[in-house]
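# Structural description and commentary
Here is how the chains run, residue by residue.
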Amino acid sequence: MNATTTRRLTVAQALVEFLAHQYTERDGRRHRLINACWGIFGHGNVAGLGQALLESGAASHQGTTPRPPVLPYLQGRNEQAMVHAAVGYARQCDRLSAQAVTTSIGPGATNLVTGAALATVNRLPVLLLPGDVFATRPADPVLQQLEVPSAGDISVNDALRPVSRYFDRVTRPEALIPAALQAMRVLADPVDTGAVTLALPQDVQAEAYDWPAEFFADRVWRVPRPAPDADALADAVRALRAARRPLVVAGGGVHHSEAEDALCAFADATGIPVASTQAGKGSLRHDHPADVGGIGHTGTATADALAREADLVIGVGTRYTDFTTASSTLFAEPGVRFVNLNIASFDAHKLGAASLVADARAGLEALTKELSGHRVDAEYESAYRAAKAVWERRVDAAYAAEDASVRPSQTQVLGALDAVVDDTDVIINAAGSLPGDLHKLWRARSRRQYHLEYGYSCMGYEIPAAIGVRLAAPDRPVWALVGDGTYLMNPTEIVTAVQEGLNITLVLIQNHGYASIGGLSQATGGERFGTDYRFRAEDGTYTGAPLPVDLAANAASLGMQVFRAATVGELRAALAEARGANRPTCVYVETETADTVPGAPEAQAWWDVPVAETATRPAAVAAREVYDRHTAGRRRHL
């Protein structure tokens, strides 16, 4: 090739240079597609991508004036956590900008699997660049190589195939060109996005090649807003005009497409109430008259009652998980029908729906225009608004704490936090009993305030995700809400937050075990077996005294500023001080364990967790009787 039209670089150097020139564009706004690269280095990537990242940020060729790195590097402590941080970043950026993660071979690569599954389940882009074994096989096996006697072309990276939206192994330098282009296509595609894996053999990373200069030209991946098909739109409009008790279910797609204003205009024009999934909460402000709160197993009494009586459900950007549908028992009206607006036809066709395959914003705008002059019956609107007011009083009761000298309940912790935040704050959570309380009670004030990862509900997500959100939104206060069980899973990235000077705030709730699973165990006849953090008793069970762990001291040892709050009053003061802190801060509070929403059952809707069909212990026998009653209400919407 002509030297003027090529550049001689290693595969790793070429990939770093290529990534620096990739952009997305939507609505005329351009974003860098890959903003930075997280990495932990080992023999699978230290001399390849590690060297390339170093060289991309080194001094200029004259050796005098430093230049900004082609691809900024971020140092993590745990490979899974680095993926979580990248996912948090991508979600905050509406999937228009993402981050990469590089690891060595072996355990570094397999540690990516959980984070990759989380990204793909939630349809959030992240680029994974694990090292791989030698493509040329000069030594076989190498350190950390998994040998498969029946196949010579398998490595541990193949574990990433089922959790990746795109996977390729780059075994030749020239193979990087099509692989990299396909990777960018998937990352930027609002239908197909998720984890993308390019497995990079360590010898290939360091191999040089003459790359065509065009490979490094700026490339823009336009993110479209497809409009709905005219006939499908007409069918949806007819269904909406005929419905007497319609209900919108807003999912995460509303946020990803920045469709909140379009949804607000739709609700204002039609009076149709809007319930939200965990991913969709905040699609309307909590004080909008049509916002009836969370729906499903962790939903509000208002939303779930409307869902049971709805004759038409309009799903907007939702996957309809079992929590949303109460395991196919929630939408109980015999003649209920569905209209699903979704950019992915796979989701638009769920529940036997009339499908409207389109971008959420474009679809809502089209529906609002075609429904001009149509509004739900005034009696229906008055009824759901009155029910909403009743529920808001329950929220007030759950948040209230008249005696500031007592230990707070978990819902009172949320009440104290609610009193401190404003529209700019971001609240992050993923697992435990907090998601249920937050979905029922949290008053979302802005489109990206409520950040619940509940597609995969991964313990250990919150702290690294808070770092990713803070990197994407450096001017917004960011709170990671975690219980003791989640904290013990993955506290490592506290060190990263301290190192980078990212003043995230951790609210660490100590309740001595797995509170959520403990409650589920009790409800399903498991008698809270193995869910409390306690010493073994003389009978061999974990029913002794609580373990004397000091998680606040642990957080402090990792570099956080820590405030301990023993009472409601101390908690209020600690949260207020933490919000104004200029360094990573932890508010540690021990809560009362018995805690339900006042005036409402713990679960407004069922969730199918199978119970033992044969058992001798009375708790399991009784739980099976309840289970059989609930399963009788399941139905398939065809």
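Report on the accompanying structure. Note that the structure is predicted; figures quoted are calculated from it, not measured.

### A word on the overall build of the chain
- Counting its regular elements, the chain contains 24 helices and 23 strands.
- Taking 2.2 N^0.38 as the reference for a compact globule, 638 residues should give roughly 26 Å; the C-alpha atoms of the chain span a radius of gyration of 26 Å, in line with that estimate.
- Projected onto its principal axes, the C-alpha positions of the chain cover 75 × 70 × 55 Å.
- Looking at the chain as a whole, 57% of its 638 residues are labelled buried.

### Things to note about empty space enclosed by the protein
- With the rule as written, the count across this model stands at three cavities of 30 Å³ or more.
- Taken as a whole, the largest cavity holds about 160 Å³ of empty space.
- In terms of lining, the largest cavity is formed by 21 residues, of which the most central are Lys-281, Asp-291, Gly-293, Glu-392 and Trp-442.
- Mapped by element, the contributors of at least two residues to the lining of the largest cavity are β14 (291-294), α15 (378-399) and α17 (434-441).
- Each residue belonging to the lining of the largest cavity can be placed in one class, and the counts come to seven nonpolar, seven polar and seven charged.
- In this model, the second largest cavity occupies a volume close to 60 Å³.
- If you go around the second largest cavity, the residues you meet are Arg-26, Asp-94, Arg-95, Leu-96, Leu-187, Ala-188, Asp-189, Pro-190, Thr-193, Val-223 and His-256.
- Residue composition of the lining of the second largest cavity, by class: five nonpolar, two polar and four charged.

### What about the sheet that holds strand β13 (residues 274-276)?
- Across the sheet, six strands lie side by side as β14-β13-β12-β15-β16-β17; this open sheet has parallel pairing. On the outer flanks of this sheet lie β14 and β17 (354-357), each paired with one strand and no other. In this sheet, neighbouring strand axes are inclined to one another by 20 degrees on average, regardless of whether the strands run parallel or antiparallel.
- Where strand β15 (residues 312-316) lies against strand β16 (residues 337-342), five bridges are found, and the strand directions are parallel. Across the sheet, residue Leu-312 finds its bridge partner in β16, namely Arg-337.

### Regarding unusual backbone geometry
- Note that the residue after Asp-140, namely Pro-141, is joined by a cis bond; omega there is 10 degrees.
- By the element assignment, Pro-141 lies in the loop between β7 (126-132) and β8 (166-169).
- Despite not being glycine, Glu-258 has its phi angle at roughly 55 degrees, a positive value.
- Looking at where Glu-258 falls in the secondary structure, it is placed in the loop between α9 (252-256) and α10 (260-270).

### Describing the packing of aromatic side chains
- The tally for this structure, following the rule as stated, stands at twelve aromatic pairs.
- Aromatic side chains Phe-331 and Phe-338 sit 5.4 Å apart centroid to centroid with 85 degrees between the ring planes, which places their arrangement in the edge-to-face category. Residues Phe-331 and Phe-338 agree in their burial class; the two are buried.
- Between the aromatic rings of Tyr-514 and Tyr-533, the centroid separation amounts to 5.1 Å while the plane-to-plane angle is 75 degrees, which identifies the pairing as edge-to-face. Within this pair, whereas Tyr-514 is found in the loop between β21 (505-510) and α21 (515-523), its partner Tyr-533 is found in the loop between α21 and α22 (551-557), the two being separated by 19 residues in sequence.
- Given the relative accessible area of 29%, Tyr-514 is considered partly exposed.
- Of the aromatic side chains, those joined through ring pairs into one cluster are Phe-18, Tyr-209, Trp-211, Phe-215 and Phe-216.
- Lying over the aromatic face of Tyr-450, Lys-281 brings its terminal NZ or CZ to 5.5 Å of the ring centre.

### Here's the deal with helix α3 (residues 79-92)
- The terminal C-alpha atoms of α3, which comprises 14 residues, lie 20 Å apart, in line with the 20 Å expected from a rise of 1.5 Å per residue.
- Taken across its 14 residues, α3 has 14 buried, putting it largely inside the fold.
- A distance of 2.9 Å separates the backbone nitrogen of Gln-80 from a side-chain oxygen at the start of α3, and that oxygen is part of Asn-78.
- Downstream of α3 by one or two residues, Asp-94 has phi in the positive range, about 60 degrees.

### With respect to the pattern of salt bridges
- Counted under the stated rule, the structure contains 36 salt bridges.
- Among the ionic pairs, Asp-192 bridges to Arg-165, the shortest N-O distance being 3.1 Å. A residue pair is termed long-range when its members are at least 10 positions apart, and Asp-192 in the loop between α6 (176-188) and β9 (195-201) and Arg-165 in the loop between β7 and β8 qualify at 27 residues.
- On the accessibility criterion, Asp-192 (27% relative accessible area) is partly exposed.

### With respect to the nonpolar core
- Core analysis: the largest hydrophobic core is formed by 52 residues, its most contacted members being Ile-295 and Phe-331.
- At five residues, helix α8 (residues 230-242) tops the list of elements feeding residues into this core.
- Core analysis: the second largest hydrophobic core is formed by 48 residues, Tyr-461, Ala-465, Ala-552 and Tyr-588 among them.

### Regarding the layout of surface pockets
- The computed volume of the second largest pocket comes to approximately 300 Å³.
- For the second largest pocket, the lining is made up of 20 residues, of which Val-133, Arg-137, Gly-152, Asp-153 and Ile-154 are closest to its centre.
- The class makeup of the residues in the lining of the second largest pocket is ten nonpolar, four polar and six charged.

What counts as what
Residues numbered from 1 in each chain as written. Predicted model: local features only at pLDDT ≥ 70, side-chain atom pairs only at ≥ 80, totals over all residues. Heavy atoms only, no water. Helix = DSSP H or I, 4+ residues; strand = E, 2+ residues; numbered from the N terminus. Rg over C-alpha atoms; globule rule 2.2 N^0.38 Å. Buried < 20%, exposed > 50% of the residue type's maximum accessible area, 1.4 Å probe, protein only. 1 Å grid on protein atoms, 1.4 Å probe; cavity = no way out; pocket = protein on both sides within 12 Å on 5 of 7 lines; lining within 4 Å. Points joined across faces, edges and corners; volume = space filled by probe spheres on them. Nonpolar A, V, L, I, M, F, W, Y, C, P; charged D, E, K, R; others polar. Pairing = 2+ DSSP bridges. Axes fitted to C-alpha atoms, helices over the stretch in contact; angles between N-to-C directions. Phe/Tyr/Trp six-rings, centres within 6.5 Å; stacked < 30°, edge-to-face > 60°. Lys NZ or Arg CZ within 6 Å of the ring centre and 35° of its normal. Expected span 1.5 Å × (residues − 1). Polar contact = N/O pair within 3.5 Å; in protein donor to acceptor, adjacent residues only side chain to side chain. Salt bridge = Lys/Arg side-chain N within 4 Å of Asp/Glu carboxyl O. Core = buried A, V, L, I, M, F, W, Y, C linked by side-chain atoms within 4.5 Å.

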